[in-house]
Amino acid sequence: MSFLFGNRSSKTFKPKKNIPEGSHQYELLKHAEATLGSGNLRMAVMLPEGEDLNEWVAVNTVDFFNQINMLYGTITDFCTEESCPVMSAGPKYEYHWADGTNIKKPIKCSAPKYIDYLMTWVQDQLDDETLFPSKIGVPFKRNFMSVAKTILKRLFRVYAHIYHQHFDSVMQLQEEAHLNTSFKHFIFFVQEFNLIDRKELAPLQELIEKLTTKDR
């Protein structure tokens, strides 16, 4: 959760997405933070008893967006058109952007441009009250889970890019513990609810195995 980062860096790439105080989702977020504080990430990601899966996925998706937003915000000076002319995660994986509405045919672009497109697109989904309802009693749309899966699949690509292309900068900034904790939490969450296909996780498979084997 974003609380892990304390007040270290208030620089975010996009504006932080806030969950309204007093709402049920805010209570869920507080529950998640409390269980995360125990240090057991496997337990922390489990659906709390009696809670709605869609709402739990929604709250955590917003939080992962905020975490990645903050993590990427710390390294934007190092991720430039010159240093990252393509959006890649190591030599074998390259991502081209398409959102299905504004850009229908995948385009090759620099990593900062791709991540700007990606985070703007995610922000638009999170701000859509019909997709991510913040009011109690407003039902989730039938396609909510497939939208959430697409968001998480795309957010994973930002982690993959940071690990493959900018880990030296992360270490210089002494942010590697934060990055690892955030990514581990993210992976445990998507594994718990089977939200990202294994093949999509391939660019960081070795790291995922390393981070998760000791917690089985």
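As a starting point, this report considers the structure included with it. (Residues numbered from 1 in each chain as written. Predicted model: local features only at pLDDT ≥ 70, side-chain atom pairs only at ≥ 80, totals over all residues. Heavy atoms only, no water.)

Considerations on helix α7 (residues 205-213)
Of all the positions in α7, only Gln-205, Leu-207, Ile-208, Leu-211 and Thr-212 are classed as buried. Seen end-on, α7 carries its buried residues on one side only, within an arc spanning 155°. Exposed side of α7, more than 90 degrees from the buried face: Glu-206 and Lys-210 are the residues found there. Buried positions along α7 lie against α2 (41-44), α5 (144-172) and α6 (176-192). (Buried < 20%, exposed > 50% of the residue type's maximum accessible area, 1.4 Å probe, protein only. Helix = DSSP H or I, 4+ residues; strand = E, 2+ residues; numbered from the N terminus. Arc of directions from axis to C-beta. Contact = heavy atoms within 4.5 Å.)

Things to note about the packing of aromatic side chains
With the rule as written, the count across this model stands at 14 aromatic pairs. Ring centres of Trp-97 and Tyr-114 lie 5.4 Å apart, and the angle between their planes is 85°; this geometry places the pair in the edge-to-face category. Residue Trp-97 is located in the loop between β2 (94-95) and α4 (111-126), and its partner Tyr-114 is located in helix α4; the two are separated by 17 residues in the primary sequence. Of the two residues, Trp-97 and Tyr-114, both sit in the buried class. Taking the centre distance of 5.2 Å and the plane angle of 75° together, the rings of Phe-132 and Phe-144 count as edge-to-face. With a gap of 12 residues between them, Phe-132 in the loop between α4 and α5 and Phe-144 in helix α5 connect regions that are remote in the sequence. (Phe/Tyr/Trp six-rings, centres within 6.5 Å; stacked < 30°, edge-to-face > 60°.)

Side note on the nonpolar core
Counting residues in each nonpolar core, the largest one holds 66 residues, and the members touching the most others are Leu-155, Phe-156, Tyr-159, Phe-183, Phe-186 and Leu-204. Secondary-structure elements contributing two or more residues to this core are α1 (24-37), α3 (53-75), α4, α5, α6 and α7. Sort the elements by how many residues they give to this core and α5 lands first, with 14 residues. Once residues within four sequence positions are removed from consideration, Tyr-159 is found in contact with Phe-64, Gln-67, Ile-68, Leu-71, Leu-179, Ser-182, Phe-183, Phe-186 and Leu-204. (Core = buried A, V, L, I, M, F, W, Y, C linked by side-chain atoms within 4.5 Å.)

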